[in-house]
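What follows is the residue order along each chain.
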Amino acid sequence: MTQKVFSILYSFRRCPYAMRARLALLYSGIVVELREVTLKNKPPELLQASNKATVPVLICDDGKMLDESHHIMLWACQKSDPEAWLNTASHPLIHDNDTSFKSFLDMYKYSDRFPEYTQTQYRDSCGMFLQRIEQSLQHSSYLAGKHRSFVDMAIAPFIRQFSMVEPTWFEGKSNVTPYPNTLRWLQSILQSEFFRLCMKKYPAWQAGDEVSIFPNH
Ligand SMILES: N[C@@H](CCC(=O)N[C@@H](CS)C(=O)NCC(=O)O)C(=O)O
């Protein structure tokens, strides 16, 4: 009997890049072997596969290795794209998310490591990007129209991180919410069954462990 060979995803549950990769795999109906990584103690198999030493890394069933989350999303959608997500795969917001917004987000999250400015100043710097998201969502439920697509899934994990730095402020519990459309959009994604599946917990993997399958319904 031949054993089924799955693609292997090295992942870290809370990493926004790994999240977007898992979301795309889920959307495309691709089942993978998931190897949950501890970032402080990465398995040698991951380091051998990619010298970038970041997650996510996908070892495709044909042996190809992908170590950029955007490429993993594209690979999944090229296999199966029932809602035409690929139409928004080159959306300019994705590039800006991955470059300037991500840098400001890190400084906002870890403002104690960047004492040149205050946390609120870093939050304001993130605000330039958030305003664009907010505007895109003014007349539509999702970033590129009525339906969720590639651009929403590529960006939502990062906005989730932003929202978690000062949740009371973001959700408007202390005053008014600064980004009401973004809050509504984010909540609809985070509360979906789809996202819940993407966030299921897996124990840290090491060689010799039993295979863990993603998604695990
Ligand atoms: N450009 C990469 C970035 C991936 C990335 O930076 N992932 C972080 C975790 S969120 C990581 O693995 N960092 C390495 C480390 O913390 O040692 C991608 O899109 O996949």
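None of the values given here were measured: they were computed from a predicted structure.

Enquirer: Summarise the site of the ligand; cite the residues concerned and give the values.
Expert: Taken together, C15, P16, Y17, L39, K42, A53, T54, V55, P56, D67, E68 and S69 form the complete shell of residues around the ligand. In this structure, an oxygen atom belonging to the ligand sits 2.6 Å away from a side-chain N or O atom of K42. A distance of 2.9 Å separates an oxygen atom of the ligand from a polar atom in the backbone of V55. Protein contacts shield 71% of the accessible area of the ligand, which totals 520 Å² for the unbound molecule. Classifying every residue of the shell around the ligand gives 7 nonpolar, 2 polar and 3 charged.

Enquirer: Account for the packing of helix α1 (residues 16–27) against helix α3 (residues 69–79), naming residues and giving values.
Expert: Axis separation between α1 and α3 bottoms out at 8 Å; the angle between their running directions is 0 degrees. What the angle tells us is that α1 and α3 run roughly parallel. Between α1, through Y17, R20, A21, A24, L25 and Y27, and α3, the contact on the second element is made entirely by S69, H70, I72, M73, W75, A76 and C77. For the contact of α1 with α3, the residue count by class is 10 nonpolar, 2 polar and 1 charged.

Enquirer: Go over the sheet that holds strand β5 (residues 213–214) with me, naming the residues and quoting the values.
Expert: Here 5 strands make up an open sheet; going across it, the order is β4-β3-β1-β2-β5 and the pairing mixed. Each end of this open sheet is capped by a strand with a single partner; those strands are β4 (65–66) and β5. Pairing of strand β2 (residues 32–36) with β5, which is carried by 2 bridges, proceeds in the antiparallel orientation. Its bridge partner being in β5, V32 is matched across the sheet by F214. Those strands touched by α1 are β1 (7–11), β2 and β5, and its axis lies near 150 degrees from that of β1.

Enquirer: Could you give an account of the environment of N87, naming the residues involved and the relevant values?
Expert: Mapping N87 onto the fold places it in the loop between α3 and α4 (92–109). Put simply, N87 and F150 are 63 residues apart on the chain and 7.8 Å apart in space, counted from C-alpha to C-alpha.

Enquirer: So what's going on with the pairing of β1? Which residues, and what values?
Expert: For β1, a buried count of 5 out of 5 residues is recorded, marking the element as mostly surrounded by other parts of the structure. Covered by surrounding structure in β1 are S7, L9 and S11 together with I8 and Y10, the residues of both alternating faces. Judged from the 5 bridges that link them, β1 and β2 form a sheet pairing that is parallel. In the strand pairing of β2, Y10 is matched with R35. Of the pairings in the sheet, the one linking β1 to strand β3 (residues 57–59) comprises 3 bridges and is antiparallel in character. Pairing of L9 across the sheet is with L58, part of β3.

Each value, and the rule that gives it
- Residues numbered from 1 in each chain as written.
- Predicted model: local features only at pLDDT ≥ 70, side-chain atom pairs only at ≥ 80, totals over all residues.
- Heavy atoms only, no water.
- Near = heavy atom within 4 Å.
- Polar contact = N/O pair within 3.5 Å; in protein donor to acceptor, adjacent residues only side chain to side chain.
- Areas by Shrake-Rupley, 256 points an atom, 1.4 Å probe, with all protein chains shown as cover.
- Nonpolar A, V, L, I, M, F, W, Y, C, P; charged D, E, K, R; others polar.
- Axes fitted to C-alpha atoms, helices over the stretch in contact; angles between N-to-C directions.
- Helix = DSSP H or I, 4+ residues; strand = E, 2+ residues; numbered from the N terminus.
- Parallel < 35°, antiparallel > 145°, perpendicular 65-115°, else oblique.
- Contact = heavy atoms within 4.5 Å.
- Pairing = 2+ DSSP bridges.
- Buried < 20%, exposed > 50% of the residue type's maximum accessible area, 1.4 Å probe, protein only.

Function cannot be inferred from these measures alone, as they are strictly geometric.
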